[in-house]
Amino acid sequence: MTIEEVVWFANHKYGENVWLMQQKREIWIFTIKGKWRIFLDDLPRFGHYTLFHANHKGNNPQGYHRQCIANNIEWLVYYAIRHDLDIPADFSEFQRLYDMYLLGREIEERVAHFNFLCDYLR
């Protein structure tokens, strides 16, 4: 699961509340309640990523504070989303739901293909 998939599926499941912007050296996550930053250079420098958070109270960069650290950047993106949207805290369950969604789409595609072949061969 990529960070884009985490954001897309959260928006799909819980409403359009999260936006992601990735630059060369950092990731910005915007939610209804807050702003989040992850610096991509942190992993090679410190051995982990750091998630920074600021509330939507202006454009004051000093308002950012360290929220948490982790090696899994997808989990940090999910943490930011979960923090502001009050969704279940279990990332593995979120991943399982995403896998079930993908499986459902694959089944739907195969059924459509089968129906097309049945109609074509009649």
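Quick note: structure is the one above.
Parameters at a glance
Residues numbered from 1 in each chain as written. Predicted model: local features only at pLDDT ≥ 70, side-chain atom pairs only at ≥ 80, totals over all residues. Heavy atoms only, no water. Buried < 20%, exposed > 50% of the residue type's maximum accessible area, 1.4 Å probe, protein only. Helix = DSSP H or I, 4+ residues; strand = E, 2+ residues; numbered from the N terminus. Pairing = 2+ DSSP bridges. Patch = residues over 30% accessible without salt bridge, like charges linked within 9 Å, V, L, I, M, F, W, Y side chains within 5 Å. Areas by Shrake-Rupley, 256 points an atom, 1.4 Å probe, with all protein chains shown as cover. Salt bridge = Lys/Arg side-chain N within 4 Å of Asp/Glu carboxyl O. Axes fitted to C-alpha atoms, helices over the stretch in contact; angles between N-to-C directions. Parallel < 35°, antiparallel > 145°, perpendicular 65-115°, else oblique. Contact = heavy atoms within 4.5 Å. Nonpolar A, V, L, I, M, F, W, Y, C, P; charged D, E, K, R; others polar.

Caption draft 1: The arrangement of the pairing of strand S3 (residues 34-39) in detail. The buried fraction of S3 is high, at five of six residues. Two strands pair when backbone bridges link them, and strand S2 (residues 26-31) and S3 are joined in this way by five bridges, in the antiparallel orientation. Looking at the pairing, Trp28 lines up with Arg37 of S3. Two successive antiparallel strands, S2 and S3, enclose a turn made up of two residues. Summarising the sheet, S3 and strand S4 (residues 49-55) pair through five bridges and their orientation is antiparallel. Directly across from Ile38, in S4, lies its bridge partner Leu51.

Caption draft 2: Spatial organisation of a nonpolar patch on the surface. Taken together, the side chains of Met100, Leu103, Ile107 and Val111 define a hydrophobic patch exposed on the protein surface, amounting to about 350 Å² of accessible area. Classification of Leu103 as partly exposed rests on a relative accessible area of 39%.

Caption draft 3: Broad picture of the packing of helix H1 (residues 3-14) against helix H4 (residues 91-121). Remark: H1 packs on H4, axes separated minimally by 11 Å, with the N-to-C direction vectors making an angle of 80°. It follows that H1 is roughly perpendicular to H4 by the angle criterion. Residues Glu5, Val6, Trp8, Phe9, Ala10, His12, Lys13 and Tyr14 of H1 form the contact with H4, whose participating residues are Phe91, Phe94, Leu97, Tyr98 and Tyr101. Its residues assigned to classes, the contact of H1 with H4 comprises ten nonpolar, one polar and two charged.

Coordinates in, geometry out; function isn't part of it.
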